[in-house]
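# Structural overview
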Amino acid sequence: RWLSEGLAVFLSEYHVPRLRLEGKLDRASDRGTVDPNELPSLWGFMMDKWREIQEFRKEDPALTLENSGDSTFARAPYMFGAWAIQYLKREKGMDVFLNEFYPAIRDLGWEASFKQTFGRTVDQFYREFDRFLSKSDDEIIEYIFDEYAE
């Protein structure tokens, strides 16, 4: 669930508004929900999600990407998922989701498609991502700043 919800959040709140602004998507379908003059920066978008994850983890320190779908926090898989998407996007680019990962799901299933696309099992990714999320706030800020500056 985290992958589909995280990708939906990342695309709808961050990526799609940019495509509309660039004229690559129809702005009429937006129905005025996003003001192109107030698009979130990657920095702001990710830090909002980070703060929400930290609030969840204050109440439930055992909360992870893997168990976010079972959390009492309804937004947990969305926030953890958005961070996981950003993490994978930084490694492989945004197009890999639509051009490689999703097309392979039908034939391989989502876990095998994940391994083929991202070069590790889902369980390996969970462990790697948990280590990443255990970084200090300063390290997370540096990670986003480095991406934002590129």
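Residues numbered from 1 in each chain as written. Predicted model: local features only at pLDDT ≥ 70, side-chain atom pairs only at ≥ 80, totals over all residues. Heavy atoms only, no water.

Scanning the protein chain for helices and strands turns up seven helices and zero strands. Listing every helix and strand of the protein chain by position from the N terminus yields α-α-α-α-α-α-α. Residue burial in the protein chain is summarised as follows: out of 150 residues, 41% are buried. In the structure as shown, the protein chain presents an accessible area of about 8,500 Å², 47% of it carried by carbon and sulfur atoms. (Helix = DSSP H or I, 4+ residues; strand = E, 2+ residues; numbered from the N terminus. Buried < 20%, exposed > 50% of the residue type's maximum accessible area, 1.4 Å probe, protein only. Areas by Shrake-Rupley, 256 points an atom, 1.4 Å probe, with all protein chains shown as cover.)

Attention now moves to the packing of aromatic side chains. Counted under the stated rule, the structure contains 22 aromatic pairs. A ring pair is formed by Trp2 and Phe125, whose centres lie 5.9 Å apart and whose planes are at 25°; its orientation type is stacked. You can see Trp2 sitting in helix α1 (residues 2–21) and its partner Phe125 sitting in helix α6 (residues 122–133), a full 123 residues away along the chain. Each member of the pair Trp2 and Phe125 is classed as buried. For Phe125, a relative accessible area of 0% corresponds to the buried category. Directly above the ring of Tyr143 sits Arg90, whose terminal nitrogen or CZ lies 4.3 Å from the centroid. (Phe/Tyr/Trp six-rings, centres within 6.5 Å; stacked < 30°, edge-to-face > 60°. Lys NZ or Arg CZ within 6 Å of the ring centre and 35° of its normal.)

We now examine the confidence of the model for the protein chain. Overall, the prediction assigns the protein chain a mean pLDDT of 86, with 87% of residues at 70 or greater. Mean pLDDT across the elements of the protein chain ranges from a minimum in helix α7 (residues 137–149), with 76, to a maximum in helix α5 (residues 110–118), with 97. (pLDDT = per-residue confidence, 0-100.)

A cluster of like negative charges, contributed by Asp137, Asp138, Glu139, Glu142 and Asp146, occupies part of the molecular surface. Looking at the element boundaries, Asp137 is found in helix α7. (Patch = residues over 30% accessible without salt bridge, like charges linked within 9 Å, V, L, I, M, F, W, Y side chains within 5 Å. Salt bridge = Lys/Arg side-chain N within 4 Å of Asp/Glu carboxyl O. Lys, Arg positive; Asp, Glu negative; His and termini not counted. Charge placed at Lys NZ, Arg CZ, Asp CG, Glu CD.)

This part covers helix α4 (residues 95–108). Its 14 residues place the ends of α4 19 Å apart at the C-alpha level, agreeing with the 20 Å of an ideal helix rising 1.5 Å per residue. Maximum bend of α4: about 30°, positioned at Phe101, with proline Pro103 one to four residues after it. Along α4, the residues that are buried comprise Val96, Phe97, Phe101 and Ala104. On its buried face, α4 is in contact with α1, α3 (76–92) and α5. (Expected span 1.5 Å × (residues − 1). Bend = angle between axes of the 7 residues up to and from the residue. Contact = heavy atoms within 4.5 Å.)

For the rest of this paragraph, the subject is the environment of Ile141. By secondary structure assignment, the location of Ile141 is in helix α7. Judged by its relative accessible area of 31%, Ile141 is partly exposed. A C-alpha to C-alpha distance of 8.4 Å links Ile141 and Trp43, two positions 98 residues apart in sequence. Residues in contact with Ile141, not counting those within four places in the same chain, are Trp43 and Met47.

This next bit is on the pattern of salt bridges. Side chains that differ in sign of charge can pair as their charged atoms come close. In this structure the tally under the stated criterion is five salt bridges. A salt bridge links Asp48 to Arg51; its shortest N-O distance comes to 2.7 Å. Placement of the pair is Asp48 and Arg51 together in helix α2 (residues 42–59), with a separation of three residues, close to one helical turn. Where Arg75 meets Glu52, a salt bridge forms, and the shortest distance between an N and an O atom there is 2.6 Å. In this pair, Arg75 sits in the loop between α2 and α3 while Glu52 sits in helix α2, placing the two residues 23 residues apart along the sequence. Residues joined in a network through salt bridges with shared partners are Glu91, Arg120 and Glu128.

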